[in-house]
Amino acid sequence: MDFLRPASWEEALAAKAEHPTAVPIAGGTDVMVEINFDHRRPEYLLDLNRIGELSEWEVGQESVRLGASVPYSAIMEHLRTELPGLALASHTVASPQIRNRGGVGGNLGTASPAGDAHPALLAAGADVEAESVRGTRLIPIDTFYTGVKRNALEPDELIRAVHIRKADGPQQYSKVGTRNAMVIAVCAFGLALHPETRTVRTGIGSAAPTPVRAREAEAFLNAALEEGGFWESGKIITPAIAKQFAALASGACNPIDDVRGTAKYRRHAVGIMARRTLGWTWEQYRGAGRTLEGAA
Ligand SMILES: Cc1cc2nc3c(=O)[nH]c(=O)nc-3n(C[C@H](O)[C@H](O)[C@H](O)COP(=O)(O)OP(=O)(O)OC[C@H]3O[C@@H](n4cnc5c(N)ncnc54)[C@H](O)[C@@H]3O)c2cc1C
């Protein structure tokens, strides 16, 4: 196995163009597990750790440009206000050691349906900045996941950054695991309220071949909140609306039975998490200096 150690982003792109089968390594918390267990024996490893800019972020007017290798611990510490859903999801990843090494670029590279960043990215809205010697493109997160552990990257492309919409309202993340830490999700749910556009976005993890949005649930809730004047009044969402939202979220799952849980349990748990995250975010929204005239 050859170890390529580019000193700059341009060198990394050139190396990937020359060796499209080279496996990038950032934190290594997925790659090294695969190599250690002999699940993968790449001809080339492309070490991205000398490229400092991958560990930097910029907070812009509308979005945060998050370098591919920014570790979860930095997101938790520095971007809690701008990216609350992703910060909450980061908290649930593994242990402090893994959170200091692993990042969103690696999570996207692996594209596991159980990756914790995905539901938060889907709910917030994001674009993946992919680059090769041929140029740069922004891949909408909704089209990034193409199959079980497959993504939309071309063989010569690397992820440079992820552009994540800054929160304009409350966001929540919920994960079911067999214990409280160091656990891969049995299933997970992310929810973001977007009061500016009066929309709600969701993300479901580990309950379908890829991370997915619960689109019917979103459409139902968007219509119900609009028709009922909920955004203006900030009144409590009725149990009937919350129940239907949960049922539709549950219906968006296409899970399997595996060692971590049954398909039936996953569908059930996603419904529960959908209802809870809706309740939590809506309470936050109601509490954020809103006029509560007409509140139920
Ligand atoms: C003990 C343990 C517990 C874990 N628990 C969790 C958990 O709770 N939740 C969770 O989501 N994950 C978990 N993981 C998995 C892992 O930590 C995450 O997926 C993490 O985000 C990977 O980031 P990394 O930088 O270490 O990626 P790496 O291992 O370096 O890379 C992962 C994949 O992404 C590719 N890649 C990396 N950077 C780029 C780039 N810039 N461009 C293109 N491709 C790239 C690599 O080639 C590889 O295919 C766990 C891992 C371990 C070992």
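Described below are features of the structure shown in this document. What you see is a predicted model, and the numbers here were worked out from it, not measured in a lab. (Residues numbered from 1 in each chain as written. Predicted model: local features only at pLDDT ≥ 70, side-chain atom pairs only at ≥ 80, totals over all residues. Heavy atoms only, no water.)

Our focus in this paragraph is the packing of aromatic side chains. Counting across every chain of the model gives 4 aromatic pairs. Ring centres of Trp231 and Tyr285 lie 5.3 Å apart, and the angle between their planes is 80°; on these two criteria the pair is classed as edge-to-face. Remark: Tyr285 occurs in helix α12 (residues 263-287) and Trp231 occurs in helix α10 (residues 230-233); sequence separation between them is 54 residues. The interplanar angle of 45° and the centroid separation of 4.8 Å between the aromatic rings of Trp282 and Tyr285 together place this pair among those described as tilted. Taken together, the residues span about one helical turn, with Trp282 and Tyr285 both in helix α12 at a distance of 3 residues. (Phe/Tyr/Trp six-rings, centres within 6.5 Å; stacked < 30°, edge-to-face > 60°. Helix = DSSP H or I, 4+ residues; strand = E, 2+ residues; numbered from the N terminus.)

Turning our eyes to something else, we now look at the pairing of strand β10 (residues 158-165). Most of β10 is tucked away: 7 of the 8 residues are buried. When strand β5 (residues 63-67) meets β10, the two strands line up antiparallel, connected through 5 bridges. Looking at the pairing, Gly67 lines up with Ala161 of β10. By the bridge criterion, 6 bridges tie strand β6 (residues 126-132) to β10 in an arrangement that is antiparallel. When the bridges of β10 are listed, Asp127 appears paired with His163. (Buried < 20%, exposed > 50% of the residue type's maximum accessible area, 1.4 Å probe, protein only. Pairing = 2+ DSSP bridges.)

With that settled, the discussion passes to the site of the ligand. Around the ligand, a shell composed of 33 residues is seen, among which Pro24, Thr29, Asp30, Tyr72 and Asp116 lie nearest. Pro24 is positioned with one of its backbone polar atoms (N or O) 2.5 Å from an oxygen atom of the ligand. The contact in question runs from an oxygen atom of the ligand to an N or O atom on the backbone of Ala26, over 2.7 Å. In isolation the ligand exposes 980 Å². Once the protein is present, 89% of that is buried. It is helix α6 (residues 104-110) that provides the largest number of residues to the shell around the ligand, a total of 4 residues. Split into classes, the residues belonging to the shell around the ligand amount to 17 nonpolar, 11 polar and 5 charged. (Near = heavy atom within 4 Å. Polar contact = N/O pair within 3.5 Å; in protein donor to acceptor, adjacent residues only side chain to side chain. Areas by Shrake-Rupley, 256 points an atom, 1.4 Å probe, with all protein chains shown as cover. Nonpolar A, V, L, I, M, F, W, Y, C, P; charged D, E, K, R; others polar.)

Note that soluble globular proteins tend to have their nonpolar side chains buried in a common cluster. If you look at the biggest cluster of nonpolar residues, it comprises 48 residues, and the most contacted ones within it are Leu86, Val104, Leu108 and Leu121. Contacts of Val104, omitting those with residues within four sequence positions, involve Leu66, Ala68, Val70, Tyr72, Ile75, Leu86, Ala117, Leu121 and Val162. (Core = buried A, V, L, I, M, F, W, Y, C linked by side-chain atoms within 4.5 Å. Contact = heavy atoms within 4.5 Å.)

Moving on, we come to the side chain of His194. Tracing the chain through its elements places His194 in strand β12 (residues 187-194). A polar side-chain atom of His194 sits 2.9 Å from a polar atom in the side chain of Asp168. In this structure, His194 is in contact with Ala123, Ala124, Asp168, Thr199, Arg201 and Trp231, ignoring residues within four places of it in sequence.

Turning our attention to the sheet that holds strand β7 (residues 135-140). Sheet architecture is open: 5 strands sit in the order β4-β5-β10-β6-β7, paired in antiparallel fashion. If you trace the sheet from one side to the other, it starts and ends with β4 (57-59) and β7, each paired once. Here the strands of the sheet are splayed against their neighbours by 20° on average, with no regard to which way each runs. In this fold helix α1 (residues 9-18) packs onto β6 and β10, with an angle of close to 120° to the strand it touches most, β10. (Axes fitted to C-alpha atoms, helices over the stretch in contact; angles between N-to-C directions.)

The strands making up a sheet are joined through hydrogen bonds of the backbone, oriented either antiparallel or parallel. Strand order across the open sheet formed by 3 strands is β1-β3-β2, with parallel pairing between neighbours. Among the strands making up the open sheet, the edge pair consists of β1 (2-4) and β2 (23-25). Looking at each pair of strands side by side, their axes are set apart by 30° on average, direction ignored.

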